[in-house]
Amino acid sequence: MMPSLVTVAALVTIVTSLGAPLIPSIAGSDKVSLSTAEWLLTAALMTGALATPVMGRVADGPFKRRVIQVALSVVFVGCVLSAVSTTFITMVIGRGLQGVGLGLLPVTMALARSQLSVERAGRGIATLSVTAAVGAGIGYPLTALIAQVFSFRAAFWFGAIAVAMALALASIVLPGRSDATPQKLDMAGLATLSLAVVGVLVVLSQGGGWGWTSPLTVGLVAGCVGFTGLWARQELTTSDPLIDVRQVRNRSVLTADVSGFLIAVAMYLFLPIIVEFVQVPTANGYGFGASVVLSGLVLVPLSIGSFVASRCLVVYQRRFGMRSTIPIGSLVFAASALFFAVEHRALWQAFVAAGIAGLGIGFTFAAMPGFVVRAVPVTETGSAIGFYQVLRSIGLSVGSALAAAILTASTPAGRIFPHFAGFEVTLLVASSVGALAAILSYLLAGRSNARLLPVTKQVEAMMEEEAEVGGTSLSLAREPFISEPEVHRT
């Protein structure tokens, strides 16, 4: 079973790697601007943000294998649709379907947890998280190499073949229906949350063209606020909420939620931008004219930095405490974006900036679940972690859409590439959002360390795993292995 689950986890990283490095190539092929091509990322991230809590909820019941089969089938259709697309809209739809794959990793972990002994499940989940982290470092240059040698469509065909193999393996090997109780799905909560998220992304992408104070923009913003209120009311009143938002009243949980959203926004204001920047032809007065493969390699230091951070975090917290962890990581990330905004004259600077960003991302994403797990009772960790992960996923989508909005404002009509100022402003905004996350996370945490439970081996393992997958834009989305007796002993 574990090789099958590892294959699915590797697939998730392949799907995520079919994004940023291919944007300039697809923009040139489909004759759209670089900012418009950003929707290849935004669509997948938006679908992933909405699909992950639904898949996690359904997978808590007896249908884990069926959830994996359906998700893989949808991703397969998305890869094929992108590979054969003749219009940019079709390509975006295909990428949106591929985004369902972003919810596969937590489902594979839930299956490992339910089918294996506690000891073996712990090792299995650690293996799955490492697979996601290492796979991202390999997936970006691998898919970029396929795109460069053949075409970007070949990269999607490669993804389709990988998905088909994973689907066949899952259907043959993974166990069928379990004895778990079926979970009720909160369709009203899903509908209102979806409308609010889609509305925000539409405002960010179209607000500049409509006018930020136009009646259409203002009306859409008001609608987003209204749907958000309806969603919150639904989650607070229903007996089976899609996401339990009550835990946000805890100060430590609020710290993780706010900082997680902001760092996710900053992350996708930075990562696609640096990859696109290095591919811009030098004839534009900036950029390095790098190949697709080389641009994919730029993200390898990010994965390395996240892994290094995962091995340093626990030592840091033992020496300096938890309160400064998220602020330090946020400031490191802010420094990486600011560095590349100022120093972008040589290609090595892009690699250095990505490595520094990986350290910041790993540090922050590793610390946030620890704030949640150590602040709430073990029976409430699942709901508290779930809300944090949804906010983080939505933050990635908002960051991608915001980056596209900034680039759109700097792109002359009829041109593919924006003025250099578009990249510069995006990087500066990413740095500012990272600095804001540092300030808010420090203020919100207050003196909450005194009320937090000490770090256990299970929490240490979870924090390391979150750091490892942080640079892939994925999330473990699982309830950590903490037994009730251990919490009482602590």
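How each quantity is defined
Along each chain, residues carry numbers from 1 onward, in the same order as the chain's sequence is written. Two thresholds apply to this predicted model, a pLDDT of at least 70 for residue-level local features and 80 or more for giving and counting side-chain atom pairs, whereas whole-chain, interface and lining totals are computed over all residues. For side-chain calculations, the full set of non-hydrogen atoms in the structure is used, while hydrogens and water are omitted. The salt bridge definition used is simple: a Lys or Arg side-chain nitrogen within 4 Å of an Asp or Glu carboxyl oxygen. Burial status follows relative accessibility: with a 1.4 Å probe on protein chains alone, a residue under 20% of its type maximum counts as buried, one over 50% as exposed, and anything between as partly exposed. Pairing of aromatic side chains here covers Phe, Tyr and the six-membered ring of Trp, requires ring centres within 6.5 Å, and sorts the geometry by plane angle: under 30 degrees stacked, over 60 edge-to-face, intermediate tilted. Strands here mean DSSP runs of E at least two residues long; helices mean DSSP runs of H or I at least four residues long; both are numbered from the N terminus. In this analysis, the expected span of each helix is defined as 1.5 Å times one less than the number of residues it contains. The term bend refers to the angle at a residue between two fitted axes, each drawn through seven residues, those ending there and those starting there.

### Overview of the pattern of salt bridges
Inspection of every chain in the model, using the stated rule, returns one salt bridge. Residue Glu343 pairs with Arg345 through a salt bridge whose shortest N-O separation is 2.5 Å. For Glu343, a relative accessible area of 23% puts it in the partly exposed group.

### Section: the packing of aromatic side chains
This model, assessed by the stated rule, comprises nine aromatic pairs. Judged by centre distance (5.6 Å) and plane angle (75°), the ring pair of Phe270 and Phe333 falls under edge-to-face. One end of the pair, Phe270, is in helix α12 (residues 251-279); the other, Phe333, is in helix α15 (residues 325-342), with 63 residues separating them in the sequence. A single burial state applies to Phe270 and to Phe333, both of which are buried. When the ring of Phe277 is compared with that of Phe423, the centres are 5.5 Å apart and the planes differ by 85°; the resulting orientation is edge-to-face. In this pair, Phe277 sits in helix α12 while Phe423 sits in helix α18 (residues 420-445), placing the two residues 146 residues apart along the sequence. Taken as a pair, Phe277 and Phe423 share a single burial class, namely buried.

### Let's talk about helix α4 (residues 39-59)
With 21 residues, α4 should cover 30 Å at 1.5 Å per step; its first-to-last C-alpha distance of 29 Å lies within 8% of that length. Of all bends in α4, the biggest is about 30°, found at Ala51, and the proline Pro53 comes one to four residues later. Counting buried residues along α4, 17 of its 21 residues qualify, which places the element largely inside the surrounding structure.

Note that every value here comes from positions in space, so none of it alone points to a role or purpose.
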